[in-house]
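# Overview (structure and organization)
Single-letter residue listing:
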Amino acid sequence: GARMAGGVELSAGADADHLTALRIVSNADSLVSGALTAAAHTRLTLVGKGLTFSGNAALGASALAFDPGSSLTARAVSFDDGATVSARLIGWDQHPVRLITTTGGVTGAWRAGDVSLDGVAASEHGYINTDGRNMQYSLRWDGLDSAASGTFQVADGKTFEVTGALSNNTAQVNPDWDGGA
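Residues numbered from 1 in each chain as written. Predicted model: local features only at pLDDT ≥ 70, side-chain atom pairs only at ≥ 80, totals over all residues. Heavy atoms only, no water.

## Quick notes on the overall build of the protein
Scanning the protein from N- to C-terminus turns up zero helices and 16 strands. Over its C-alpha trace the protein gives a radius of gyration of 17 Å, about what one expects of a compact globule, namely 16 Å for 181 residues. When the backbone C-alpha atoms are referred to their principal axes, the protein occupies close to 50 × 35 × 30 Å. Counting across all 181 residues of the protein, residues that qualify as buried make up 42%. (Helix = DSSP H or I, 4+ residues; strand = E, 2+ residues; numbered from the N terminus. Rg over C-alpha atoms; globule rule 2.2 N^0.38 Å. Buried < 20%, exposed > 50% of the residue type's maximum accessible area, 1.4 Å probe, protein only.)

As structure tokens, this is what we get:
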């Protein structure tokens, strides 16, 4: 894979209507020796393969977007209030897709942004979730947090097909669900 030294720093945009944007395209899994810093009013889009920072990633009130196949690894990832995480997935097979991997944790007040599956807005059966150390997109069944659920609610006139076997979820922390069927 590719290697780069020095880290990445994305300066603040003027305001929410005038963002500073950076699109990082990794054609191979890449290592950056350093940290990632994205200030407020920024949009960082990761494209291609995995991008690993040897240091921490600090994301202000910014937008972090994952294109198909991309992921972020850092020692720790922190978000400021107002930060959003979005993902665009193609050919999702309903297995969890790791977006962020850390050894030191995912912290801060982030919220889920748009998620599209094959160009269409994702259903409520999947979501972006974290266990405080890693972040993924998954079915609610495979969630890592307290919003994980063993119930699939399907609206009248709609259908939803689970395409794979569901195994017990021992990672979730929902006190109202035992992780099984």
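## Overview of the packing of aromatic side chains
If you walk through the whole model with that rule in mind, you get four aromatic pairs. Here Trp92 and Tyr137 contribute two aromatic rings whose centre-to-centre distance is 5.0 Å and whose plane-to-plane angle is 65°, an arrangement assigned as edge-to-face. Of this pair, Trp92 sits in the loop between strand 11 (77-89) and strand 12 (97-102) while Tyr137 is found in strand 16 (residues 134-139), placing the two residues 45 residues apart along the sequence. A relative accessible area of 19% means that Trp92 is categorised as buried. The structure contains a cluster of three or more aromatic residues connected by ring pairs, namely Trp141, Phe152, Phe160 and Trp177. Sitting over the face of the ring of Tyr127, Arg140 holds its NZ or CZ atom 4.1 Å from the ring centroid. (Phe/Tyr/Trp six-rings, centres within 6.5 Å; stacked < 30°, edge-to-face > 60°. Lys NZ or Arg CZ within 6 Å of the ring centre and 35° of its normal.)

## A few points about the nonpolar core
The biggest cluster of nonpolar side chains holds 37 residues, and the ones touching the most others in it are Leu64, Phe66, Leu72, Phe79 and Ile100. Here this core gets six residues from one element, more than from any other, and that element is strand 11. Contacts of Phe66, omitting those with residues within four sequence positions, involve Leu46, Ser71, Leu72, Val85, Ser86, Ala87, Arg88, Leu99 and Ile100. (Core = buried A, V, L, I, M, F, W, Y, C linked by side-chain atoms within 4.5 Å. Contact = heavy atoms within 4.5 Å.)

## So, the pattern of salt bridges
Think of it this way: side chains of opposite charge can pair up when their charged atoms draw near. Scanning all chains against the criterion turns up two salt bridges. Residue Asp67 is joined to Arg23 by a salt bridge in which the shortest nitrogen-to-oxygen separation is 3.4 Å. One end of the pair, Asp67, is in the loop between strand 9 (63-66) and strand 10 (71-74); the other, Arg23, is in strand 3 (residues 20-26), and 44 residues separate them in sequence. Of the residues examined, Asp67 reaches a relative accessible area of 11% and is grouped as buried. With relative accessibility at 52%, the residue Arg23 sits in the exposed group. Of the charged contacts in the structure, one is a salt bridge between Asp67 and Arg88, with a shortest N-O distance of 3.3 Å. (Salt bridge = Lys/Arg side-chain N within 4 Å of Asp/Glu carboxyl O.)

## Topic: unusual backbone geometry
Unlike most non-glycine residues, His41 shows phi in positive territory, near 60°. Note that His41 resides in the loop between strand 5 (36-38) and strand 6 (42-48). Phi at Gln94 is positive, roughly 70°, even though this residue is not glycine. Within the secondary structure layout, Gln94 lies in the loop between strand 11 and strand 12.

## A closer look at the side chain of Ser70
Along the chain, the position of Ser70 falls in the loop between strand 9 and strand 10. Given the relative accessible area of 4%, Ser70 is considered buried.

## Quick look at the pairing of strand 13 (residues 106-117)
Where strand 11 meets strand 13, nine bridges bridge the pair, whose relative direction is parallel. If you follow Phe79 over to strand 13, its bridge partner there is Gly108. Here two bridges tie strand 13 to strand 14 (residues 120-121), and the two strands are oriented antiparallel to one another. The residue bridging Ser116 from the neighbouring strand is Ala121, located in strand 14. (Pairing = 2+ DSSP bridges.)

## Observations concerning the sheet that holds strand 4 (residues 30-33)
The strand order across the open sheet built from seven strands is 1-4-7-10-12-16-15, with neighbouring strands paired in mixed fashion. The sheet terminates laterally at strand 1 (2-5) and strand 15 (126-130), the two strands that pair on one side only. Between one strand axis and the next, the sheet turns through 15° on average, direction left out of account. (Axes fitted to C-alpha atoms, helices over the stretch in contact; angles between N-to-C directions.)

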